[in-house]
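# Summary of structural features
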Amino acid sequence: MKPAPFDYHAARTVEEAVALLAEYADRDGRIIAGGQSFVPMMAFRLARPSHVIDINGIAALGRLAVEGEVLRIGAVVRHAALETLGCAGVLGRLLSQMARLIAHKPIRNRGTFCGSIVNADPAAEWCLAAVTLGAEIVAQSVREIRVLGADGFFTGAMTTTLAPDELVTECRIPLLRDGTRFGFDEVSRRAGDFAMAAALATYRVEDGRIVEPRIGVGGVEPCPKRIAAAEARLAGAAPDHRLFAAAASEAAAAVEPMDDGEASRGYRQRLVRAVVTRALERSLS
Amino acid sequence: MSQKLEVKLTVNGRDYVLSLEPRWTLADVLREHCGLTGTHLGCEHGVCGACTVMIDGQAVRSCLMFAVQAQGKAIVTVEGLAGPGGELHPLQQAFIDHHALQCGFCTPGFLMLAHATLLESPDIDDEALIDILASNLCRCTGYKNILAAVKTAAAVMKARRRQP
């Protein structure tokens, strides 16, 4: 339960961090941000980086601000900062609701939004939010700066398209228009545990009809995803309980759940129906 | 040879200058190098909360951060709760009064969690407090008494603030 030896580098600037990554990436040099998943992995020796590059001292990465039509979340912005986010309108309220379900407060005081995205746990709230809301991920290396869509960024459990020498410097989430309704729900065995299924729903209502529906499901397949069939069921219809139940059925039919010690395939399928229904019901309150 | 770094930690207002391997967690360094064994290590992977300390006013798992990362920060451990003359902190007294500990292993973590919580939200309501206390594990299942103790301490601390 003790991490293996490594050399420690405290980067002061993004340029320094990516230069260190370029130098050490091929020797399993790794970035540490909040470390709330990475340190346990090191303690279990599932991760044995030879070099650890600490970005916590890079002031520029602590930025959390609305700019134009997007919320920009720097690489060392903690979950707790999103929990008490006072800006970004509807999006801010949505994120602060989701943040409260991430692990426990002492973990949220240290863990970061961008770190969660890079860690790519199938059950992570932020990965679900990123995919559902069409976030962009900014990846920097000594070679280039890439802006990646969250859709396609996650390629499997704990796996992304990020190159070993790339540092995620920030995530950008488009603001939600005033009047956007949203709901989030997840099921876990104990408070703060990983979700066995989670759903995020957003839509607007124009002339009594649903427009721009988004339904995302996480914790079910190796990567979070939007459910086109459920969105199609909602689009253009009047929001009511029967419609929500029908959309939830579409979602349950559209997933191929993981089967693991935590929850069986069949159970997860039933959870999808439940969390999508509840997320949609919450959008009414 | 593993790298060793000279690190200055400020714990309970006192400076410790130490030569540390970067892989050593803050929890291990507090116990093994500062001699502050009040901070307990249960699971060593961030689940149990026994190692909770306060860093710059916030509750943090000391097993989930490396000691080198805590340089320049104000660290408070359970040893920093009591007053200079050894008088117990209201939280410590309330834990005794409400029998909020049985084996006591989880107690330092709960005290630091509660301390940070009451500093941040002195008027925290029951629902939020229960949610916070779920952060840590008590295997003796003494949660009811822990909740009662923290609520009592919150009231005592508030009364003290009113009459300086």
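## With respect to the domain arrangement of chain B
All names here are of chain B. Along its sequence, chain B is organised into domain 1 (5–80) and domain 2 (90–162). The C-alpha centroid of domain 2 is placed 21 Å from the C-alpha centroid of domain 1. Listed by partner, the interface residues are 18 residues for domain 1 and 15 residues for domain 2. Interface of domain 1 and domain 2: buried area, both sides summed, is about 1,200 Å²; carbon and sulfur atoms make up 66% of it.

## Concerning the pattern of salt bridges
All names here are of chain A. Scanning the model with the defined rule gives 25 salt bridges over all chains in all. Salt-bridge contacts for Arg 204 lead to Glu 212; the nearest nitrogen and oxygen are separated by 2.9 Å. You can call Arg 204 buried: its relative accessible area is 8%. Ionic contacts of the salt-bridge type, sharing partners, join the residues Arg 63, Glu 67, Arg 72, Glu 170 and Arg 172 into one network.

## Section: the interface of chain A and chain B
Taken together, the contacts link 28 residues of chain A with 26 residues of chain B. Contact between chain A and chain B buries roughly 2,300 Å² in total, counting both sides, with carbon and sulfur atoms accounting for 58%. Interface area lost by chain A to chain B is led by A:Tyr8, A:Pro106 and A:Arg110, which between them contribute 24%. Joining chain A to chain B, the criterion identifies three salt bridges. With a closest N to O distance of 2.6 Å, B:Glu44 and A:Lys2 form a salt bridge. Our enumeration of links across chain A and chain B arrives at eight residue pairs in polar contact (both at pLDDT 80 or more). Counting residues per element, the ones that place at least two in the side of chain A that touches chain B are strand S1 (7–10), helix H2 (38–43) and helix H5 (105–108) of chain A. A total of four residues in the side of chain A that touches chain B trace back to one element, the largest contributor, which is H2(A).

## A word on the layout of surface pockets
Rolled over the atoms, a probe sized like a water molecule indicates the empty space that remains. Empty space within the second largest pocket amounts to approximately 860 Å³. Considering the residues around the second largest pocket, the lining is formed by 36 residues, among which A:Gln97, A:Arg100, A:Leu101, A:Arg108 and B:Asp131 are closest to the centre. Every element with two or more residues in the lining of the second largest pocket is listed here: H5 and strand S11 (181–187) of chain A together with strand S4 (58–61), helix H3 (107–120) and helix H4 (126–133) of chain B. Top contributing element to the lining of the second largest pocket by residue count: S11(A), with five residues. When the residues that make up the lining of the second largest pocket are grouped by side-chain class, the tally is twelve nonpolar, 13 polar and eleven charged.

## Observations regarding the sheet that holds S1(A)
Residues and elements named next belong to chain A. An order of S1-S3-S2 is seen for the three strands of this open sheet, with the pairing classed as parallel. In the strand order of this sheet, the two ends are held by S1 and strand S2 (30–32), each with one partner. On average, each strand axis in the sheet is tilted by 30 degrees relative to the strand beside it, whichever way the strands run. Relative to strand S3 (residues 51–54), S1 runs parallel, the two being bridged by four bridges. Paired with His 9 across the bridge in S3 is Ile 53. Here helix H1 (residues 14–24) sits on the sheet in contact with S1, S2 and S3, set at roughly 170 degrees to S3.

## Quick notes on the packing of helix H9 (residues 241–254) of chain A against helix H10 (residues 265–282) of chain A
Residues and elements named next belong to chain A. Where H9 contacts H10, the two axes come as close as 8 Å, and the packing angle between them is 145 degrees. Along this stretch, H9 crosses H10, giving a crossing that reads as right-handed. Only Gln 269, Val 272, Arg 273, Val 276, Thr 277, Leu 280 and Glu 281 of H10 make contact with H9, whose side of the interface consists of His 241, Phe 244, Ala 247, Ala 248, Ser 249, Ala 251 and Ala 252.

## A look at the nonpolar core
In terms of nonpolar packing, the biggest core is built from 58 residues, with A:Ile55, A:Leu95, A:Phe113, A:Ile117 and A:Trp126 touching the most fellow members. Examining the composition of this core, we find that seven residues originate from one element, helix H7 (residues 125–133) of chain A, more than from any other.

## A few points about the sheet that holds S4(B)
All names here are of chain B. Across the sheet, five strands lie side by side as S2-S1-S5-S3-S4; this open sheet has mixed pairing. Two strands in the sheet have a free side with no partner beyond their single neighbour: strand S2 (14–20) and S4. Going from strand to strand, the sheet's axes swing by 40 degrees on average, the running direction of each strand aside. Of the pairings in the sheet, the one linking strand S3 (residues 52–55) to S4 comprises four bridges and is antiparallel in character. Paired with Ile 55 across the strands is Gln 58, a residue of S4. In the packing of H3 onto the sheet, contacts are made with S3, S4 and strand S5 (74–76), and the angle to S3 comes to roughly 35 degrees.

## Description of the packing of H3(B) against H4(B)
Axes are the key here: two packed helices are described by the angle between their axes and the distance separating the axes. Residues and elements named next belong to chain B. Where H3 meets H4, the axes come as close as 10 Å, and the angle between the chain directions of the two elements is 140 degrees. If you check the angle between H3 and H4, you find them oblique. In this structure, H3 crosses over H4, and the sense of that crossing is right-handed. Contacts between H3 and H4 involve Phe 110, Leu 113 and Thr 117 from the former and Leu 129, Ile 132 and Leu 133 from the latter.

## Re unusual backbone geometry
Of note, the phi angle at A:Asp28 is positive, near 60 degrees, even though the residue is not glycine. Mapping A:Asp28 onto the fold places it in the loop between H1 and S2. A positive phi angle, close to 45 degrees, is found at B:Asp56, a residue other than glycine. Note on placement: B:Asp56 falls in the loop between S3 and S4. A residue is classified by how much of its surface remains accessible, and B:Asp56, at 47% relative accessible area, is partly exposed.

Reading guide: rules and limits
- Residues numbered from 1 in each chain as written.
- Chains lettered and ligands numbered in written order.
- Predicted model: local features only at pLDDT ≥ 70, side-chain atom pairs only at ≥ 80, totals over all residues.
- Heavy atoms only, no water.
- Domains from an automatic or database assignment.
- Contact = heavy atoms within 4.5 Å.
- Buried area = accessible area lost by both parts, 1.4 Å probe.
- Salt bridge = Lys/Arg side-chain N within 4 Å of Asp/Glu carboxyl O.
- Buried < 20%, exposed > 50% of the residue type's maximum accessible area, 1.4 Å probe, protein only.
- Polar contact = N/O pair within 3.5 Å; in protein donor to acceptor, adjacent residues only side chain to side chain.
- Helix = DSSP H or I, 4+ residues; strand = E, 2+ residues; numbered from the N terminus.
- 1 Å grid on protein atoms, 1.4 Å probe; cavity = no way out; pocket = protein on both sides within 12 Å on 5 of 7 lines; lining within 4 Å.
- Points joined across faces, edges and corners; volume = space filled by probe spheres on them.
- Nonpolar A, V, L, I, M, F, W, Y, C, P; charged D, E, K, R; others polar.
- Pairing = 2+ DSSP bridges.
- Axes fitted to C-alpha atoms, helices over the stretch in contact; angles between N-to-C directions.
- Left-handed = near helix turned anticlockwise from the far one by under 90°.
- Core = buried A, V, L, I, M, F, W, Y, C linked by side-chain atoms within 4.5 Å.
- Parallel < 35°, antiparallel > 145°, perpendicular 65-115°, else oblique.

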